[in-house]
Amino acid sequence: MRRRPARAATTTDPRRGVTVRHRDRLPPLVWDSVLPALLLLHVVTTYPAGELPVAAALTAGLALPLVWRRRAPLAVFVAVVAAAFVQWLADVQLAADIALLIALYTTAAHTGRRGTLLAAAVVEGGAVPACLRWASNGAFLTPFVALSAMVVAATVLGVNERTGRAYLAAVQERAERLALHQEQQALLAVAEERARITREMHDVVTHNLSVMVALTDAAVFAQPRSPERATAAMLQISETGRQALTDMRRSLGVLRADEPDAERHPLPGIAQLESLADQMAAAGLPTGLEVRGCHAHVPATAQLTVYRLVQEALTNTLKHTAAGTRATVLVECSAGSVGVEVTDSGPRPTLPAAAPAPSGHGIPGMRERAAAYGGTLRAGPLPSGGWGVRTRLLLGSGGTGAV
């Protein structure tokens, strides 16, 4: 029966959605203790009893500091170099001299450029007296070149380890920043969608309820004298209510394309301003409409913005002016912009000096819609009397927030 090879344990980082593979679950200190243990075992098993105490002590001085090389690389390097100098003075050759290369590699992997160059210079400088004393048959050049190559290799490997770790840290930080940016963008999108729905619901509810209230008052007033006009007003109220429900469902995104209301009530635009003017006239606000230029090239979202601006301005006029007020709507379409101007002839009721300013969302919402297309909305009393709302939408500004 063939045994399957053991697989490395894997875990998933929930923040990044990546799988991290673990070669083992042992702490690094255990792995760093393996080489010192092997070097001490080599000394104990190969050296004769007379040389064993000195060799074991020097091997311990060279190898045991490696156990803490990850925690204090510079201190471990100094300790290993000091032990190697004592070994050179004692004129004892040991296999534990490999500890110098490992300490150099660790120093290069965990310190900066200056510390790496200094450590490499120290080890390279120590290779000269070592080769002069222990080179066989007086051959200095060959062992010196070999030791220099090993010093360079250990230094390069350590620098590559440090560079790779820094690169991975930078990539991880970039991924975290990207994830944070995406989360912030999602939160902004949610906030923008909520603001859009709030604006749409305010415009739909305010306008249609104002029209229905005005029509209801007209129907009550006309009922004794002209039942036909009262009936027509009630039918208009019913139609306005259905229109309001359709607009609310469309604003909330629950209107399907295959529903009959989707064809009966398309997305309002400049072409529907005439119906809006008729609706306002039926509610008691005679409204004149003038559209200059062709609006066929105007995007649907921009046309919806124009419609909502006119609708909100006329609704404010209907709510805040006395009977007999007339309104005028002017829409100017050009190649790169659409101008909107809504004026009326009725003065707003004056508020006492101590009365607080109105806290409605009508004009702020209109400003937000205009700003989405690079326009600045101006609303205020006219020099000749009445009230005016003016803005110009730039069609090249995107208008993502105006829908």
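Residues numbered from 1 in each chain as written. Predicted model: local features only at pLDDT ≥ 70, side-chain atom pairs only at ≥ 80, totals over all residues. Heavy atoms only, no water.

> I keep staring at the packing of aromatic side chains and nothing clicks. Help me out?
Note on aromatic pairs: each is described by the distance of the centres and the angle between the planes. Evaluation of the coordinates by the stated rule reveals one aromatic pair. An angle of 20 degrees between the planes, with centres 6.3 Å apart, marks the rings of Phe-85 and Trp-88 as stacked. Here Phe-85 and its partner Trp-88 are both found in helix H4 (residues 73-90), three residues apart, which amounts to about one turn of the helix. What makes Trp-88 partly exposed here is its relative accessible area of 24%. Sitting over the ring of Trp-88, Arg-133 keeps its end group 4.1 Å from the ring centre. (Phe/Tyr/Trp six-rings, centres within 6.5 Å; stacked < 30°, edge-to-face > 60°. Helix = DSSP H or I, 4+ residues; strand = E, 2+ residues; numbered from the N terminus. Buried < 20%, exposed > 50% of the residue type's maximum accessible area, 1.4 Å probe, protein only. Lys NZ or Arg CZ within 6 Å of the ring centre and 35° of its normal.)

> Would you explain the pairing of strand E6 (residues 378-381) in this entry?
Consecutive side chains along a regular strand alternate between the two faces of the sheet. Pairing analysis gives four bridges linking E6 to strand E7 (residues 387-394), with the strands arranged antiparallel. Looking across to E7, one finds that Ala-379 is bridged to Val-389. Here E6 folds back onto E7, and the loop between the two strands holds five residues, one of which, Gly-385, carries a positive phi near 105 degrees. (Pairing = 2+ DSSP bridges.)

> How do you make sense of a nonpolar patch on the surface when you look at a structure like this?
Residues Leu-26, Val-30, Trp-31, Val-34, Leu-38 and Leu-41 make up a contiguous nonpolar surface patch of roughly 560 Å² in combined accessible area. Within the residue set of the nonpolar patch, elements represented by two or more residues are helix H1 (28-32) and helix H2 (34-46). Among the elements that take part in the nonpolar patch, H2 stands out by supplying three residues, more than any other. Among the secondary structure elements, Leu-38 is positioned in helix H2. (Patch = residues over 30% accessible without salt bridge, like charges linked within 9 Å, V, L, I, M, F, W, Y side chains within 5 Å. Areas by Shrake-Rupley, 256 points an atom, 1.4 Å probe, with all protein chains shown as cover. Salt bridge = Lys/Arg side-chain N within 4 Å of Asp/Glu carboxyl O.)

> Quick question: what am I supposed to make of the state of the cysteines here?
Among covalent bonds in proteins, the disulfide is the one between the sulfur atoms of two cysteines. Counting across every chain of the model gives zero disulfides. Counting only cysteine sulfurs, Cys-294 is the nearest neighbor of Cys-333, a cysteine outside any disulfide, at a range of 7.7 Å. (Disulfide = S-S within 2.5 Å.)

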